[in-house]
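# Descriptive analysis of the structure
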Amino acid sequence: MRRTLYVALLATRVLFALSPSYIHPDEFFQAPEVAASDILGVNALRTWEFTSEEPIRSIVPIYMYSGMPFLLLRFVCHVLQTLLGMDIQPSTFAVFWSQRLYMACLSVVMDLCVCRAIRRLNPTVRLLPTALLMASSHCLLVFHTRAFGNAFASIVLALCFDLLSRIESLLGNLEQIKRRKKGSARLTKAQAVRKVQQSLCMLAAAGVLGAFTHITFAPFFAPLALVAFMMVASYTWRRFLSITQACAIILTACVCATAAGLCLVVADSVYYGTLHSNDPHALLGVSGTLTCTVLNNLRYNGSATNLATHGIHARYLHVVASMPVLFGPLYVLALLKLWTWIRRGRIANKNGGSYMSLATGSSVIAGISVLSLVRHQEPRFLLPALPGVVLSTWRWHRLLPAYFWRLWVAYNLVLAAIYGGVHQAGVVSVIKYLADTSVAQRIGCSTMDDGSMVCAHMHSESSSNVYGGSVDTTVFPSLRTNVLLYATYMAPRHLLVQKKQSQQDTSSAGDIPTTVNDRHLQAHVEMTDLVSMDDHEVQALLSAAIPVNCSAFGIANKDMLVFAPSRAVDELGEPLYVRTLFVAPASTDLEPLLPPQEDPSWNAMLVPLYSYAPHVNFDHIKMVAQNPLKYARLNVYIICARS
């Protein structure tokens with residue numbers, strides 16, 4: 001029964017991965033946006049973290065947890081295109097779900113590593129209570145199915161705990177050999193020493209990878225490295241290892257860490273263009289400078305001025321807010337465990353103590369303590385605390401009373417429903433709507449008497465009879481949909497799946513323009529996030545928008561698009577037709593944002609075009625809670641001319 005429950009929780013994790021909920025912009029703009037641009041060749045928005053003179057994000061871990069699903073998706077599209085003989089392009093949800101499902105699969109590594117570490121501590125223990133506790137946590141159900149660097153760093157840390165438990169088990173095997181318990185020793189001394197050397201090398205390399213993934217990983221990992229050194233030193237002092245063997249083990253780990261760090265630095269330097277190869281005038285054909293994103297990250301976050309732009313928080317916020325939000329009742333359990341350690345005056349108890357107990361407890365304490373010194377704090381920074389908290393309390397999991405489990409399930413159900421179900425869920429759905437209606441490589445259009453351009457998708461039923469007239473399939477004007485997003489998170493551009501436009505090829509007169517990458521998009525979307533803009537700035541943008549003539553057309557039909565002529569031209573000098581959409585939560589008071597009626601430049605109105613529910617915006621949570629059916633929505637309006 002309980003195993004069935006665990007499988008059901010894994011299925012629930014997949015369902016939350018498929019949900020369009022949106023926790024924080026970093027889940028898109030710190031990895032998928034860049035990886036999709038590089039691998040799928042789509043337009044994307046690169047943030048300052050990648051475009052500054054001192055970039056702070058390493059590309060290798062990004063490709064590991066975000067690039068791989070896009071590589072698989074591109075391969076699948078290529079295979080289908082070869083088999084079917086037709087152009088296959090990934091859709092919005094194909095790109096979105098491939099990333100989410102890949103992260104959901106990676107999150108299972110956390111379950112496996114933690115359970116394997118516990119199994120090494122006690123081969124006879126029942127793992128199911130711990131597995132159920134982890135699988136029902138909203139951290140794994142929601143946060144670890146998103147492409148957060150902190151989530152991947154948390155998985156890497158769980159792998160490090162697994163390796164550390166393996167090292168302790170192997171060193172314990174040396175003790176059995178030394179005491180001549182040959183029947184209980186599973187390996188010879190030479191085999192055990194070699195495996196310790198290999199495991200410590202992998203631990204060092206994993207630690208470097210985690211630090212390059214996200215700088216907050218380092219304080220959680222540092223105690224593990226220290227404990228590993230203590231284990232080798234202790235077994236050397238007790239003469240289970242010779243000094244030569246101990247030096248070889250430590251030296252190998254240092255070499256592995258250095259090699260891993262150097263590989264990551266070189267990869268980042270090549271990616272960001274600071275290191276060049278094939279230079280005939282340089283030594284070994286290599287010139288330029290090295291880019292170390294970890295050092296750049298430390299320098300950036302060491303500046304109080306830089307942190308102030310992201311928000312300054314109290315140093316106790318992680319202890320009193322972030323940990324309770326992430327772990328709920330489990331945090332109380334961890335505090336009780338810490339109290340028992342303090343009472344005994346040591347972390348490892350004499351009956352079941354181990355170096356792993358020291359590592360798990362000190363990892364959580366060191367991670368929270370160091371990150372609390374930094375004034376900018378967010379709960380997800382503490383995601384790497386999850387494996388340490390679980391491993392430090394695992395002996396109590398099978399003894400937990402029924403009321404703890406009821407409280408645990410209720411707490412995580414609420415948090416998972418909010419963050420994994422409704423929080424900013426309309427953003428991705430609106431992008432899907434825009435990709436379906438406003439992004440196309442070829443659309444037939446007709447010019448109306450007032451100069452408006454009316455278009456329909458060529459595959460739609462309306463293409464032969466648009467608004468009472470026929471579509472002229474020989475007219476392919478340049479169409480642009482300007483989207484203004486207000487009071488929402490930043491919209492990930494890569495989900496529009498708009499191919500990058502390269503050098504135009506106009507050799508085919510009378511045909512639509514083409515590019516080296518297939519043909520350029522005839523209809524495309526430009527997004528503007530109205531972040532931190534006051535009402536007057538929003539009014540100015542709305543006044544500058546060109547309204548379309550909506551009175552004669554059925555705007556609600558998604559297959560029918562109406563554009564107004566603009567004074568601008570496209571990159572080929574052809575006339576450009578535009579329309580402007582305004583996206584805002586239903587809880588937004590639009591009146592202060594609209595230009596006054598007496599403004600001569602404003603002769604327009606907002607007409608509802610599309611709406612998605614549920615969409616919860618915490619800025620207006622009180623209004624949403626009072627009437628969720630009315631206000632828990634994200635609306636799309638088109639700017640129409642007044643008749």
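### A closer look at the overall build of the protein chain
- Scanning the protein chain from N- to C-terminus turns up 23 helices and twelve strands.
- Counting only residues that meet the buried cut, the protein chain has 52% of its 643 residues in that class.
- Here the contacts in the protein chain between residues at least 6 apart in sequence split such that 78% fall between residues at least 24 apart.
- Of the roughly 29,300 Å² of accessible surface on the protein chain, a fraction of 61% belongs to carbon and sulfur atoms.

### A few points about the packing of aromatic side chains
- Here the structure, examined in full by the defined rule, presents 18 aromatic pairs.
- Here the aromatic rings of F217 and F221 are separated by 5.6 Å at their centres, their planes lie at 20°, and the arrangement is stacked. Of the two residues, F217 and F221 both sit in helix α11 (residues 217–237), four residues apart, roughly one turn of that helix. Side by side, F217 and F221 carry an identical accessibility label, which is buried.
- In textbook terms, an aromatic cluster arises when at least three aromatic residues are bridged by ring pairs, as seen for Y22, F28, F93, F96, W97 and Y489.
- For R238, the ring lying beneath its charged end belongs to Y235, and the centroid distance is 5.0 Å.

### Section: the packing of helix α5 (residues 59–84) against helix α10 (residues 189–213)
- Interaxial distance between α5 and α10 falls to 8 Å at its minimum, and their mutual angle equals 90°. Taken together, the axes of α5 and α10 lie roughly perpendicular to each other. Across the interface between the two elements, P61, M64 and Y65 from α5 touch L209, F212 and T213 from α10.
- Across the contact of α5 with α10, the residue classes tally to five nonpolar, one polar and no charged.

### Some words on the confidence of the model for the protein chain
- Confidence in the prediction for the protein chain averages 86 pLDDT; 87% of positions are at 70 or higher.
- This stretch, residues 347–352, has a pLDDT under 50; its non-local contacts, to residues over four places away or in other chains, come to nine contacts.
- Overall, residues 458–471 carries pLDDT values under 50, and its contacts beyond four positions in sequence, including any with other chains, amount to 30 contacts.

### Focus: helix α19 (residues 402–422)
- Spanning 21 residues, α19 covers 29 Å between terminal C-alpha atoms, matching the ideal 30 Å at 1.5 Å per step.
- Within α19 the residues assigned to the buried category are F404, W408, N412, L415, A416, Y419 and G420.
- Those residues of α19 that are buried are in contact with α1 (2–18), α7 (128–135), α8 (138–141), α15 (317–327) and α16 (329–344).
- Of the residues trailing α19, Q424 is marked for its positive phi of about 50°.

### Digging into the pattern of salt bridges
- The full count for this structure, using the stated rule, is eleven salt bridges.
- One salt bridge in this structure joins D111 and R13, with 3.2 Å as the shortest N-O distance. Here R13 lies in helix α1 and D111 lies in helix α6 (residues 92–121), a separation of 98 residues in the sequence. Exposure class is identical for D111 and R13. Each is buried.
- Among the salt bridges present, the one from E378 reaches R380, with a minimum N-O distance of 3.0 Å.
- Under the relative-accessibility criterion, R380 is labelled buried at 4%.

### Topic: the pairing of strand β3 (residues 444–447)
- Alignment of β3 against strand β4 (residues 453–456), held across four bridges, turns out to be antiparallel. Bridge assignment links C445 to a residue of β4, and that residue is C455.
- Between the end of β3 and the start of β4, which pair antiparallel, lie five residues, with G451 showing a positive phi angle near 95°.

### Considerations on the side chain of H144
- With respect to the helices and strands, the residue H144 is situated in the loop between α8 and α9 (149–178).
- A polar atom in the side chain of H144 sits 3.3 Å from the side chain of S154.
- Excluding residues within four positions of it along the chain, H144 makes contact with M103, A104, S107, M110, C139, A151, S154, I155, L383 and L386.

### Notes on a nonpolar patch on the surface
- A contiguous nonpolar patch, built from F75, V76, V79, L80, L83, L84 and M86 and spanning about 670 Å² of accessible area, is present on the exposed surface.
- Following the sequence through the fold, V76 ends up in helix α5.

### Here's the deal with the packing of α1 against α6
- In the contact formed by α1 and α6, the axes pass within 8 Å of each other and the chain directions differ by 150°. When the axes of α1 and α6 are compared, the pair comes out roughly antiparallel. Note on packing geometry: the crossing formed by α1 with α6 is right-handed. In this structure, α1 contributes Y6, L10, R13, V14, F16, A17 and L18 to the contact, and α6 contributes F96, W97, R100, L101, A104, S107, V108 and D111.

### Quick look at the environment of N296
- As for its position among the elements, N296 is in helix α13 (residues 293–301).
- The sequence separation of N296 and R57 amounts to 239 residues, and the corresponding C-alpha distance is 8.8 Å.
- Once residues lying within four places of it in the same chain are set aside, the contact partners of N296 are E54, P55, I56 and T291.

### Description of the state of the cysteines
- Applying the stated criterion across every chain, the model contains three disulfides.
- Put simply, C201 and C256 are joined by a disulfide, and their sulfur atoms are 1.6 Å apart. The chirality of the disulfide connecting C201 with C256 is left-handed, given an S-S dihedral of about -80°. Of this pair, C201 sits in helix α10 while C256 sits in helix α12 (residues 243–271), placing them 55 residues apart in sequence.

### Topic: the nonpolar core
- With 139 residues, the main nonpolar core has L164, L203, F327 and M527 as its most contacted residues.
- With residues near it in sequence (within four places) discarded, F327 still touches C139, L382, A385, L386, W408 and Y411.
- Grouped together as the second largest cluster of nonpolar side chains are 15 residues, V538, A584, L606 and I639 included.

So, how was this worked out
- Residues numbered from 1 in each chain as written.
- Predicted model: local features only at pLDDT ≥ 70, side-chain atom pairs only at ≥ 80, totals over all residues.
- Heavy atoms only, no water.
- Helix = DSSP H or I, 4+ residues; strand = E, 2+ residues; numbered from the N terminus.
- Buried < 20%, exposed > 50% of the residue type's maximum accessible area, 1.4 Å probe, protein only.
- Contact = heavy atoms within 4.5 Å.
- Areas by Shrake-Rupley, 256 points an atom, 1.4 Å probe, with all protein chains shown as cover.
- Phe/Tyr/Trp six-rings, centres within 6.5 Å; stacked < 30°, edge-to-face > 60°.
- Lys NZ or Arg CZ within 6 Å of the ring centre and 35° of its normal.
- Axes fitted to C-alpha atoms, helices over the stretch in contact; angles between N-to-C directions.
- Parallel < 35°, antiparallel > 145°, perpendicular 65-115°, else oblique.
- Nonpolar A, V, L, I, M, F, W, Y, C, P; charged D, E, K, R; others polar.
- pLDDT = per-residue confidence, 0-100.
- Expected span 1.5 Å × (residues − 1).
- Salt bridge = Lys/Arg side-chain N within 4 Å of Asp/Glu carboxyl O.
- Pairing = 2+ DSSP bridges.
- Polar contact = N/O pair within 3.5 Å; in protein donor to acceptor, adjacent residues only side chain to side chain.
- Patch = residues over 30% accessible without salt bridge, like charges linked within 9 Å, V, L, I, M, F, W, Y side chains within 5 Å.
- Left-handed = near helix turned anticlockwise from the far one by under 90°.
- Disulfide = S-S within 2.5 Å.
- Core = buried A, V, L, I, M, F, W, Y, C linked by side-chain atoms within 4.5 Å.

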